[in-house]
Amino acid sequence: MAVYFFIYLFSVCFAICYSKSKENTLSLIFKTLCFVTLFLPAAIRFGIGTDFGAYYHYIDIGYYGSFEIGWVPLARFIHDHNIDIQWFFVISSFFTILIAFETLEKKYFYVTIPVFICMTYLESYNQIRQVFASTLFLVSVKNFCEGKKIKAIIWASICILFHSSAFVFIFIISISNFKWKKLSR
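Conventions used here
Residues numbered from 1 in each chain as written. Predicted model: local features only at pLDDT ≥ 70, side-chain atom pairs only at ≥ 80, totals over all residues. Heavy atoms only, no water. Core = buried A, V, L, I, M, F, W, Y, C linked by side-chain atoms within 4.5 Å. Buried < 20%, exposed > 50% of the residue type's maximum accessible area, 1.4 Å probe, protein only. Helix = DSSP H or I, 4+ residues; strand = E, 2+ residues; numbered from the N terminus. Contact = heavy atoms within 4.5 Å. pLDDT = per-residue confidence, 0-100. Salt bridge = Lys/Arg side-chain N within 4 Å of Asp/Glu carboxyl O. 1 Å grid on protein atoms, 1.4 Å probe; cavity = no way out; pocket = protein on both sides within 12 Å on 5 of 7 lines; lining within 4 Å. Points joined across faces, edges and corners; volume = space filled by probe spheres on them. Nonpolar A, V, L, I, M, F, W, Y, C, P; charged D, E, K, R; others polar. Axes fitted to C-alpha atoms, helices over the stretch in contact; angles between N-to-C directions. Parallel < 35°, antiparallel > 145°, perpendicular 65-115°, else oblique. Left-handed = near helix turned anticlockwise from the far one by under 90°.

**Focus on the nonpolar core**
Now for step 1: I59, F67, W71, F88, F89 and C159 are the most contacted members of the largest nonpolar core, which totals 29 residues.
Now for step 2: At the level of secondary structure, the elements contributing two or more residues to this core comprise helix 3 (52-61), helix 4 (72-80), helix 5 (86-103), helix 7 (128-145), helix 8 (149-160) and helix 9 (167-175).
Now for step 3: The element best represented in this core is helix 7, accounting for seven residues.
Now for step 4: With residues near it in sequence (within four places) discarded, F67 still touches Y55, Y58, I59, V72, A75, F88 and R129.
Now for step 5: In this structure, C34, A100, F109 and I113 belong to the second largest nonpolar core, which totals 22 residues.

What follows is the structure, encoded as C-alpha coordinates:
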(Lines give C-alpha, C1' and ligand atoms only; values in the text may rest on other atoms or scores of the structure.)
Protein backbone atom coordinates (compact mmCIF):
# COMPACT_ATOMS: atom_id res chain seq x y z
CA MET A 1 0.00 0.00 0.00
CA ALA A 2 2.88 2.36 0.77
CA VAL A 3 4.16 1.99 -2.80
CA TYR A 4 0.90 3.32 -4.24
CA PHE A 5 0.89 6.17 -1.75
CA PHE A 6 4.37 7.24 -2.82
CA ILE A 7 3.49 6.89 -6.51
CA TYR A 8 0.54 9.19 -5.91
CA LEU A 9 2.49 11.66 -3.79
CA PHE A 10 5.45 12.01 -6.15
CA SER A 11 3.30 12.06 -9.30
CA VAL A 12 1.07 14.80 -7.94
CA CYS A 13 4.09 16.86 -6.81
CA PHE A 14 5.72 16.53 -10.24
CA ALA A 15 2.40 17.30 -11.97
CA ILE A 16 2.00 20.50 -9.94
CA CYS A 17 5.57 21.54 -10.71
CA TYR A 18 5.03 20.79 -14.41
CA SER A 19 1.77 22.76 -14.57
CA LYS A 20 3.19 25.77 -12.78
CA SER A 21 6.61 25.81 -14.48
CA LYS A 22 7.17 28.64 -16.97
CA GLU A 23 10.56 27.44 -18.24
CA ASN A 24 10.53 24.80 -21.00
CA THR A 25 13.47 22.83 -19.63
CA LEU A 26 11.97 22.60 -16.15
CA SER A 27 8.60 21.69 -17.64
CA LEU A 28 10.17 18.82 -19.57
CA ILE A 29 12.04 17.60 -16.49
CA PHE A 30 8.93 17.62 -14.27
CA LYS A 31 6.75 15.99 -16.92
CA THR A 32 9.39 13.31 -17.45
CA LEU A 33 9.71 12.69 -13.71
CA CYS A 34 5.95 12.37 -13.42
CA PHE A 35 5.89 9.96 -16.38
CA VAL A 36 8.69 7.80 -14.96
CA THR A 37 7.05 7.76 -11.52
CA LEU A 38 3.89 6.30 -13.06
CA PHE A 39 5.50 4.16 -15.75
CA LEU A 40 8.15 2.20 -13.87
CA PRO A 41 5.90 0.57 -11.25
CA ALA A 42 3.28 -0.28 -13.88
CA ALA A 43 5.88 -1.71 -16.26
CA ILE A 44 7.94 -3.80 -13.85
CA ARG A 45 5.09 -5.21 -11.81
CA PHE A 46 5.14 -8.96 -11.67
CA GLY A 47 2.22 -11.09 -10.60
CA ILE A 48 0.08 -8.08 -9.74
CA GLY A 49 -3.43 -7.92 -11.14
CA THR A 50 -6.26 -10.33 -11.70
CA ASP A 51 -5.44 -10.98 -15.37
CA PHE A 52 -1.66 -11.18 -14.98
CA GLY A 53 -1.48 -14.98 -14.94
CA ALA A 54 -3.92 -15.32 -17.80
CA TYR A 55 -1.94 -12.95 -20.02
CA TYR A 56 1.24 -14.83 -19.23
CA HIS A 57 -0.39 -18.16 -19.99
CA TYR A 58 -2.13 -17.13 -23.22
CA ILE A 59 0.89 -15.39 -24.71
CA ASP A 60 3.18 -18.23 -23.63
CA ILE A 61 1.11 -20.88 -25.44
CA GLY A 62 0.31 -18.62 -28.40
CA TYR A 63 -3.45 -18.50 -27.81
CA TYR A 64 -4.92 -15.16 -28.90
CA GLY A 65 -8.64 -15.97 -28.67
CA SER A 66 -8.94 -14.01 -25.42
CA PHE A 67 -7.44 -10.88 -26.95
CA GLU A 68 -9.14 -8.25 -29.05
CA ILE A 69 -7.65 -7.85 -32.51
CA GLY A 70 -5.67 -4.75 -31.54
CA TRP A 71 -3.63 -6.76 -29.03
CA VAL A 72 -2.95 -9.76 -31.26
CA PRO A 73 0.03 -8.29 -33.18
CA LEU A 74 1.83 -7.45 -29.92
CA ALA A 75 1.02 -10.81 -28.30
CA ARG A 76 2.00 -12.70 -31.45
CA PHE A 77 5.26 -10.75 -31.81
CA ILE A 78 6.19 -11.49 -28.20
CA HIS A 79 5.33 -15.18 -28.58
CA ASP A 80 6.92 -15.70 -32.01
CA HIS A 81 10.19 -13.97 -31.10
CA ASN A 82 10.50 -15.62 -27.67
CA ILE A 83 10.52 -12.24 -25.93
CA ASP A 84 9.87 -12.15 -22.21
CA ILE A 85 6.12 -11.79 -21.70
CA GLN A 86 6.79 -8.96 -19.25
CA TRP A 87 7.19 -6.76 -22.35
CA PHE A 88 3.43 -6.99 -22.88
CA PHE A 89 3.01 -5.04 -19.64
CA VAL A 90 5.89 -2.68 -20.35
CA ILE A 91 4.54 -1.72 -23.78
CA SER A 92 0.89 -1.43 -22.71
CA SER A 93 1.84 0.66 -19.66
CA PHE A 94 4.11 2.90 -21.70
CA PHE A 95 1.47 3.72 -24.30
CA THR A 96 -1.36 4.07 -21.78
CA ILE A 97 0.56 6.70 -19.81
CA LEU A 98 2.05 8.36 -22.92
CA ILE A 99 -1.39 8.82 -24.50
CA ALA A 100 -2.78 10.26 -21.28
CA PHE A 101 0.16 12.65 -20.94
CA GLU A 102 -0.05 13.81 -24.55
CA THR A 103 -3.80 14.34 -24.33
CA LEU A 104 -3.96 16.26 -21.05
CA GLU A 105 -3.40 20.01 -21.17
CA LYS A 106 -0.52 21.49 -19.20
CA LYS A 107 -2.62 24.06 -17.36
CA TYR A 108 -4.92 21.32 -15.98
CA PHE A 109 -2.22 18.68 -15.50
CA TYR A 110 -2.00 19.21 -11.75
CA VAL A 111 -5.74 18.45 -11.47
CA THR A 112 -6.04 15.69 -14.06
CA ILE A 113 -3.07 13.58 -12.92
CA PRO A 114 -4.53 12.91 -9.44
CA VAL A 115 -7.84 12.01 -11.10
CA PHE A 116 -6.03 9.85 -13.67
CA ILE A 117 -4.21 8.01 -10.88
CA CYS A 118 -7.35 7.43 -8.79
CA MET A 119 -9.69 6.55 -11.64
CA THR A 120 -7.50 4.94 -14.29
CA TYR A 121 -3.90 4.27 -13.34
CA LEU A 122 -4.61 1.96 -10.43
CA GLU A 123 -7.20 0.12 -12.53
CA SER A 124 -4.52 -0.50 -15.17
CA TYR A 125 -2.97 -3.06 -12.84
CA ASN A 126 -6.10 -5.22 -13.19
CA GLN A 127 -7.75 -4.15 -16.42
CA ILE A 128 -4.95 -3.57 -18.89
CA ARG A 129 -6.99 -3.78 -22.09
CA GLN A 130 -9.95 -1.79 -20.80
CA VAL A 131 -7.79 1.00 -19.41
CA PHE A 132 -5.79 1.25 -22.62
CA ALA A 133 -9.01 1.53 -24.66
CA SER A 134 -10.36 4.15 -22.24
CA THR A 135 -7.13 6.14 -22.37
CA LEU A 136 -7.14 5.92 -26.15
CA PHE A 137 -10.66 7.34 -26.00
CA LEU A 138 -9.12 10.54 -24.61
CA VAL A 139 -7.74 11.14 -28.11
CA SER A 140 -11.27 10.82 -29.45
CA VAL A 141 -12.62 13.24 -26.83
CA LYS A 142 -9.86 15.74 -27.57
CA ASN A 143 -10.68 15.63 -31.29
CA PHE A 144 -14.37 16.01 -30.51
CA CYS A 145 -13.71 19.07 -28.32
CA GLU A 146 -11.62 20.58 -31.11
CA GLY A 147 -14.56 20.17 -33.51
CA LYS A 148 -12.96 17.27 -35.43
CA LYS A 149 -15.99 15.02 -35.20
CA ILE A 150 -15.04 12.54 -37.93
CA LYS A 151 -11.61 12.02 -36.35
CA ALA A 152 -13.33 11.60 -32.99
CA ILE A 153 -15.53 8.82 -34.35
CA ILE A 154 -12.54 7.15 -36.02
CA TRP A 155 -10.56 7.19 -32.75
CA ALA A 156 -13.59 5.91 -30.84
CA SER A 157 -13.82 3.08 -33.39
CA ILE A 158 -10.13 2.25 -32.94
CA CYS A 159 -10.80 1.81 -29.22
CA ILE A 160 -12.99 -1.19 -30.05
CA LEU A 161 -9.91 -2.95 -31.46
CA PHE A 162 -8.42 -2.92 -27.96
CA HIS A 163 -11.51 -3.73 -25.92
CA SER A 164 -14.91 -4.77 -27.23
CA SER A 165 -16.81 -2.85 -24.57
CA ALA A 166 -15.51 0.36 -26.14
CA PHE A 167 -18.41 0.26 -28.61
CA VAL A 168 -20.16 2.37 -25.96
CA PHE A 169 -17.69 5.17 -26.78
CA ILE A 170 -19.06 5.49 -30.31
CA PHE A 171 -22.53 5.85 -28.85
CA ILE A 172 -21.28 8.53 -26.43
CA ILE A 173 -19.55 10.50 -29.18
CA SER A 174 -22.61 10.17 -31.45
CA ILE A 175 -25.13 11.47 -28.91
CA SER A 176 -22.76 14.27 -27.96
CA ASN A 177 -23.57 15.90 -31.31
CA PHE A 178 -27.15 16.56 -30.26
CA LYS A 179 -28.12 19.81 -28.58
CA TRP A 180 -29.99 18.72 -25.47
CA LYS A 181 -32.07 21.54 -24.01
CA LYS A 182 -32.72 19.74 -20.75
CA LEU A 183 -29.11 18.61 -20.30
CA SER A 184 -27.28 21.61 -21.75
CA ARG A 185 -26.40 23.11 -18.37
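**Some details on the confidence of the model for the chain**
Now for step 1: Scored by pLDDT, the chain has a mean of 87; 95% of the residues are at 70 or more.
Now for step 2: Mean pLDDT across the elements of the chain bottoms out in helix 9 (78) and peaks in helix 2 (residues 24-44) (95).

**A few points about the pattern of salt bridges**
Now for step 1: Per the counting criterion, the structure on display carries three salt bridges.
Now for step 2: Where E102 meets K31, a salt bridge forms, and the shortest distance between an N and an O atom there is 3.6 Å. Pair noted here: E102 is in helix 5 and K31 is in helix 2, with a separation of 71 residues, a long-range link.
Now for step 3: A salt bridge links E68 to R129; the shortest N-O distance between them is 2.7 Å. With E68 in the loop between helix 3 and helix 4 and R129 in helix 7, this residue pair connects regions lying 61 residues apart in the sequence.
Now for step 4: What makes E68 buried here is its relative accessible area of 13%.
Now for step 5: Judged by its relative accessible area of 13%, R129 is buried.

**Some remarks on empty space enclosed by the protein**
Now for step 1: Under the defined criterion, the tally for this structure stands at one cavity of 30 Å³ or more.
Now for step 2: The volume enclosed by the largest cavity comes to roughly 70 Å³.
Now for step 3: At four residues, helix 5 tops the list of elements feeding residues into the lining of the largest cavity.
Now for step 4: The residue inventory of the lining of the largest cavity, partitioned by class, reads five nonpolar, four polar and one charged.

**Some points on the packing of helix 1 (residues 2-20) against helix 6 (residues 109-121)**
Now for step 1: Running from amino to carboxyl end, helix 1 crosses helix 6 at an angle of 150 degrees, the nearest separation of the two axes being 7 Å. The angle between helix 1 and helix 6 places the two elements in the roughly antiparallel class. For the pair helix 1 and helix 6, the sense of crossing is right-handed. On the side of helix 1, the interface is formed by I7, Y8, S11, V12, A15, I16, Y18, S19 and K20, while helix 6 contributes F109, Y110, I113, P114, I117, C118 and Y121.
Now for step 2: Its residues placed into classes, the contact of helix 1 with helix 6 shows 13 nonpolar, two polar and one charged.

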